[in-house]
Structure formats: C-alpha cells, structure tokens
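So the chains spell out like this:
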Amino acid sequence: MNSPPRLDALLRPRVPSPLREVHDERFARHGVRLFLKRDDLIHPDLPGNKWRKLALNLEAAAGRTVLTFGGAYSNHLRATAAAGRLLGFPTVGVVRGDELAHRPLNPSLARCAADGMRLHFVDRTTYRAKASSEVLEGLLSLFGDVEVIPEGGSNALAAQGCTALGRELAGACDVAAVACGTGGTLAGLAAGLSPGQRALGVPVLRGGFLGPAVERLQREAFGGPSGNWSLDERFAFGGYARSTPELEAFAADFEDRHGLPVERVYVAKLLFALTALAEEGAFAPGTRVSALITGTPDAPPLQDSSVSR
C-alpha cells in the first residue's frame, strides 16, 4: 500500500530509504554480511518507522485533530506534533505522568509544544488504562471529534504502512531486524518480506507482551499471521530507555568503527543483539542481515539499569 499522495507531495519523504553495507569483522569472520537500512534518512521530522506508521493514519484523520499517547521523551509524540505543524492539523498529546504538568518542559515535550501540540498530562494509573472505554470517553469529552492513534502509532494502519519496508528489502537480505517498542513495525515488515526472508524483532523493553501484540496487529491488519518473524527478548538491558556501561561502550565503539551516530534507546540495542547473535553462530555463513536504523541520537542519555525508575 503506497503512502497518501498528498503527504508525499507535501513532505517529500526519501523512500525507498538507502540500504548500505558496512564491513565489520565481528560479522565477517562468521561469513555474515551486515547492511544498514537507513530509515533515519526518510524525513528530518518524521524519520524511519514514524513516517511509515503515521502516513496511513494521517490520511484516515483527513485533517481532523489527532490525539495520541506517549511518555515524556516519546519520539512518536514529537513526530505527530511535527506532522501537525507541517500539514496544518491540530494535535493532542496525552502524556504519562501528571507530575510533569507542573515542571518545566523537557526538550522533547518543548519541541512538541513548539510544533503546536496541546499536551494533556495524566497520572500513571489512568495512562495504563488508556485503551479502556472509560478513559477514551473522558478524552473525547474533553477534545471532541478526534482521530485517536495508539501509543507508538501501532495499529492496523501502521502495520499496513510498514509493509513497504519489507517490499523495499525484497531480494536484498535474508534476515531483516528491527528494534521493537510496540510491535507495529515488525508486524508490517514481516508481512512485506518475500518468501525465504525472515524478520527478527529485538524488544527494547521488558514484559514479554510483544509476541501477542504482533499477532494481534497482524490479525487486525492482514486477517491473520503474515510472514516469518520471531523475537529475541534478551537485549532489553533493564527496560525501556535503560542502559549499562557495556551497551554504552558498544554504541560508542560502533560509532568509531563505522562513522554512524547510534541512537541509544532502540538502535544501540538492535546492533548489540545482532553482533551477539553473529558471535553465537545464530546466522549461517552467507547470511545477509539488514538492521533497520530508525532514528538519530537526539534522545536524552539513557539511565543505567541499576537505577530505579
């Protein structure tokens, strides 16, 4: 399914995004080739899977106010706010943590506000129930006729939009790997790949819920399971936006080796996982592995996983 012509014409996304091979001896000594799918270059304000997941949702909104959800450093909120500014529609961001309402906005939320997003802070109990009819009805009573997009942008339309990513990789790799937060990109990527290719998801947060989430998204988007995909849940490093000295050292070393600034919340964990899997012999000699680069390192520093949230 192609992106809406109006959005393409106004935003001029760079699709298909570039696919570039990098030479890394940690892969090469096992006969594995590593490619980087540079979705971070699609658009400066809607990079990577944000563009792919939002495009069909914005077409469905048809200029109405878009209401969506995220945490204090949500890239999804920033992308939605930017899209609203660029395309001229109102946006509302429901932000996890009512304590933030009385603090100065961090740089991420300040960018959302500068782009015209109305920020609505809710307590964490309410946020956990954000998909319930009670919470949604309350939001609709406050904001009226809005198009609701879930946290991370992951719904059936998002998964359908991400099938283009799989089609762009047709014949170019054997394994297409992506870091996962809410599962929408993996659901669509797997569906868009050709027979003989497989998708690998690396969750960046703990909980073990992503498998059922991807299955649900594929049912809603495609009527049932689609494509060959799996998850490796060993590389969350303590949870979302958490890190360790080992992960930070790996990311810095990858930057030095390849001249690529490594985004820490998603991309660093993905690249670490692929390197570890190559060392474990998880990829047969001759395997071509593509890593989806979804963003740039403009997020705040990660927390050490030993620090409680």
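See the structure shown above.
Residues numbered from 1 in each chain as written. Predicted model: local features only at pLDDT ≥ 70, side-chain atom pairs only at ≥ 80, totals over all residues. Heavy atoms only, no water.

Structural notes on the side chain of Thr65
- Tracing the chain through its elements places Thr65 in strand S3 (residues 65-70).
- Each residue touching Thr65, except ones within four places of it in the same chain, is listed here: Pro90, Thr91, Val92, Asp145, Val146 and Glu147. (Helix = DSSP H or I, 4+ residues; strand = E, 2+ residues; numbered from the N terminus. Contact = heavy atoms within 4.5 Å.)

Examining helix H10 (residues 210-222)
- Here H10 is 13 residues long and its end C-alpha atoms lie 18 Å apart, about the 18 Å a rise of 1.5 Å per residue gives.
- For H10, every residue scored as buried is listed here: Leu210, Gly211, Ala213, Val214, Leu217, Gln218 and Ala221. Projection of H10 onto a plane perpendicular to its axis shows the buried side chains occupying an angular sector of 160°, all on one side.
- Where H10 is buried, its residues touch helix H8 (156-168), strand S7 (175-180), helix H9 (184-192), strand S8 (198-203) and strand S9 (229-231).
- Looking at the residues trailing H10, positive phi occurs at Gly223, about 85°. (Expected span 1.5 Å × (residues − 1). Buried < 20%, exposed > 50% of the residue type's maximum accessible area, 1.4 Å probe, protein only. Arc of directions from axis to C-beta.)

Quick look at empty space enclosed by the protein
- One pass over the full model with this rule turns up 1 cavity of 30 Å³ or more.
- Size it by volume and the largest cavity reaches roughly 30 Å³.
- Taken together, Lys37, Leu165, Leu169, Ala176, Ala177, Leu189, Ser290 and Leu292 make up the full set of residues lining the largest cavity.
- Every element with two or more residues in the lining of the largest cavity is listed here: S7 and strand S11 (288-292).
- Here the residues of the lining of the largest cavity are counted per class, giving 6 nonpolar, 1 polar and 1 charged. (1 Å grid on protein atoms, 1.4 Å probe; cavity = no way out; pocket = protein on both sides within 12 Å on 5 of 7 lines; lining within 4 Å. Points joined across faces, edges and corners; volume = space filled by probe spheres on them. Nonpolar A, V, L, I, M, F, W, Y, C, P; charged D, E, K, R; others polar.)

Re the pairing of S11
- Most of S11 is tucked away, with 4 of its 5 residues classed as buried.
- Here strand S2 (residues 33-37) runs beside S11; their pairing, made up of 5 bridges, is parallel. Bridge assignment links Leu34 to a residue of S11, and that residue is Val289.
- Inspection of the sheet shows S7 paired to S11 by 3 bridges, in the parallel sense. Its bridge partner lying in S11, Val175 is registered against Val289. (Pairing = 2+ DSSP bridges.)

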